[in-house]
Amino acid sequence: MAAFVAVLGITTTANSQIDSRFDALSSTQVIVEQQTDDPFLDAADFPDDAEARITGLAGVRAAGLHWALGANTRVSAQPPPAGGRDAVGTISVMAVSPGFWSATGVSVKAGRTFDAALADDRVAVVGEGIADQLGMADVGGQPAVFIDDVPFTVIGVLRSADRVPDSLLSVSIPANVAARYWGRPDPPARMIIATDVGAARTVADQTPVALSAADPDHFKATTAVEARALRDSVSSDLGVLFLVLAIICLVIGAVGIANTTLVAVLERVSEIGLRRSLGALPRHIGAQFLMESTALGAIGGLVGTSVGTWCIVGVSLAKSWTATLTPWTVVAAPFIGAGLGLLAGLYPSLRASRIEPIEAFRR
Amino acid sequence: MSSSADDAVVQLTGVARTYEGFPPVEALKPCDLTIERGDFLTVVGPSGSGKSTLLNLIGLLDRPTSGSYVLDGVDVGPLDERQRTAIRGHRIGFVFQTFQLLPHRPALENVMMATLYRASARGDRLASAREALHGVGLAHRIGALPSRMSGGERQRVAIARALAGNPSLLLCDEPTGNLDSATAESVLDLFSQLNAHGITIVLITHDGEVAARGNRTVDIRDGRLTELSRRDGRAS
Ligand SMILES: Nc1ncnc2c1ncn2[C@@H]1O[C@H](COP(=O)(O)OP(=O)(O)O)[C@@H](O)[C@H]1O
Ligand SMILES: [Mg+2]
């Protein structure tokens, strides 16, 4: 029973932990994609003032576009004549609008990211790993990076980008500049919106209309709720696994009770004989042992609940989680224990009730 | 002495018991035995002669392979197990060589077990248990645990338990077998005293001196039963 409660409790704790992690990332985030399979609206794209339109919505903190430049884009730290072709393909280039940085909450290791003032300049922000690869530990000297031979000034190095890990492995340049040199985004651009807590759903509903009142269907905004579906399936798989584990523990417990009761029956043959000689019917004997095993199960459930609860608290402390235990588990455990005891006691009780009173004399 | 059926507690006619097996054991050959109300019958015989077999039959713990058994005027042969259990519980008290007490329950509770499987009120059961313990001279040991008692005290508790149900018949299988001679003497004195108060007793022993306590003695040898002596006419 202890194992049962502990396993169930740790499952709930782990689940709620997963919940809170997902929520921290997702419940304030909306992602807008374009419906590219729409044959008639092939030419549609995010409007030029997309960022401003979305930022104007209530509950939006920041919004930014981003898309990846084609895989053939060449990136080099050397000017054109000497420009090595060797770096091609290993470094990707992302086009991002200025709002992207605040919408994704990146942290900067050195320098700065570009804002609206720099949105039309040839500047670049690189990930930490890329900076090493291109040999630019410091941005103080305004190093240059050449993208298809076009020079860009590196103004910042990223340390982390939890929501868009891709940007750590990319050279990011202003969207306007990217569009000027390399044309329309292909694959299509996506928008990331950071919202106030709880506003994600509403913002997601309003976004398509805000972007294209004429054809809102072109844009598809997803929130954490969709991400939650994935989370649910992950944690329900986990739940099934843990539940199977808990059930195995229960079965082992039941076998234990059955064994204990059976041993008790065999040890108390003479007591059973005595009771029979005093006028006990087989069903009296059976009921006695059934009650004993039920009580054993209930006590096991109670003790197990407290031991299990302490285990959960212990594990949670060790992992610095918030211990979560559904009251249902705690309340039900003694009853499950009793039911299990009853079930486990069936066979031993049957055996006990079949013992003949004559046994009392044989000892 | 009269042997009218009204006075008989036990009436065995041609009762025999053969245990199945290879070869089958004829533990008790066909025998006739009448036990009158107030009798103190002792059964002697060497080990394995069939004494316990006889006691089990009288105590309704076993069924004879042939013959008829009338207990308190009722032919118990055709009764089902349920009815026999009820009769056993109400009419027969058992005293075992090994006492068969629950060691961790106080004396009073052990004695109250005698009436546990009856529909009587708890107050009545308590009263009858107290009375029985008083009757065996253990009124002062009511709350004591058998595990803390001497052998003689334990057997007295067991006798009190057998008496608490107010049986017609007390069946004792070697009740002094586990006691030293002085203690055995005092327990036997208790049996004589109970018998003097009219309780019918059947007592198994392999000790001739113990057997002499009864007013009648039967001897079993290889399953054959013979009456040895009737010493007084008290039961008639
Ligand atoms: N349940 C049984 N099955 C087979 N044989 C038995 C059984 N009980 C007793 N016997 C045999 O019956 C004979 C009489 O046994 P019992 O009545 O116990 O003797 P006593 O009590 O006089 O020592 C013995 O030979 C014994 O081995
Ligand atoms: Mg014997």
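As the structure is a computational prediction, the values presented were derived from the model and not from experiment.

J.: What is the right way to look at the sheet that holds strand β5 (residues 74-75) of chain B in this model?
T.: Strands belonging to one sheet form pairs held by backbone hydrogen bonds; the direction of such a pair is parallel or antiparallel. Residues and elements named next belong to chain B. Reading across from one edge, β2-β1-β4-β5 is the order of the 4 strands in this open sheet, with antiparallel pairing throughout. Both outer strands of the open sheet, β2 (25-36) and β5, are each paired with one neighbouring strand and no more. By the bridge criterion, 2 bridges tie strand β4 (residues 66-71) to β5 in an arrangement that is antiparallel. Within β5, the position partnered with Val70 by the bridge is Asp75. Against the sheet, helix α1 (residues 51-58) touches β1 (8-19), β2 and β4, its axis set at about 125° to β1.

J.: Hey, could you run me through the interface of chain A and chain B in this one?
T.: A common way to state how big an interface is: give the accessible area lost once the parts meet. On the side of chain B, 19 residues touch chain A, which itself brings 18 residues to the contact. Across the chain A/chain B interface, buried area totals approximately 1900 Å², and carbon plus sulfur atoms make up 64% of it. Summed over the shared surface of chain A and chain B, the number is 3 residue pairs in polar contact (both at pLDDT 80 or more). For the side of chain A that touches chain B, the secondary structure elements donating two or more residues are α8 (269-277), α9 (282-319) and α11 (359-362) of chain A. Looking at which element gives the most residues to the side of chain A that touches chain B, the answer is α8(A), with 6 residues. For the side of chain A that touches chain B, the per-class residue count stands at 8 nonpolar, 5 polar and 5 charged.

J.: Please clarify how the pattern of salt bridges should be interpreted in this entry.
T.: Close approach of charged atoms lets side chains of opposite charge pair. Residues and elements named next belong to chain B. Counted by the stated rule, this structure contains 21 salt bridges over all chains. Arg84 is the partner of Glu81 in a salt bridge, and the nearest nitrogen-oxygen pair spans 4.0 Å. Highlighted residues: Glu81 and Arg84, both in helix α2 (residues 81-91), separated by 3 residues, approximately one helical turn. For Arg213, the salt bridge identified is with Asp189, shortest N-O distance 2.8 Å. Remark: Asp189 occurs in helix α6 (residues 181-196) and Arg213 occurs in the loop between α7 (208-211) and β9 (216-221); sequence separation between them is 24 residues. Taking the relative accessible area as the measure of exposure, Arg213 reaches 23% and is therefore partly exposed.

Procedures and definitions
Residue positions are given per chain, counted from 1 along the sequence in the order it is written. Chain letters and ligand numbers both follow the written order, the letters beginning at A and the numbers at 1. Owing to the predicted nature of the model, reporting of local features is limited to residues with pLDDT of at least 70; listing and counting of side-chain atom pairs is limited to 80 or more, with chain, interface and lining totals taken over all residues. Heavy atoms from the whole structure form the basis of all side-chain values; hydrogens and water molecules are not counted. Pairing between strands is defined by DSSP: at least two bridges between them are needed. Where helices and strands are cited, they refer to DSSP runs of H or I of at least four residues and of E of at least two residues respectively, numbered from the N terminus. What makes two residues a contact is simply this: any of their non-hydrogen atoms within 4.5 Å. Working convention: axes come from line fits to C-alpha atoms, limited for helices to the stretch in contact. Angles between N-to-C directions cover 0 to 180 degrees. In short, buried area is how much 1.4 Å probe accessible area vanishes from two parts on joining, totalled over both. Side-chain atoms alone can form a polar contact between residues adjacent in sequence; in general such a contact is a pair of N or O atoms within 3.5 Å, and within protein one must be able to donate a hydrogen while the other accepts it. In this classification, Asp, Glu, Lys and Arg are treated as charged, Ala, Val, Leu, Ile, Met, Phe, Trp, Tyr, Cys and Pro as nonpolar, and every other residue, Gly included, as polar. The salt bridge criterion pairs a side-chain nitrogen of Lys or Arg with a carboxyl oxygen of Asp or Glu, the two atoms within 4 Å. In this scheme, a residue with accessible area under 20% of its type's maximum is buried, one over 50% is exposed, and one in between is partly exposed, where area comes from a 1.4 Å probe on protein chains only.

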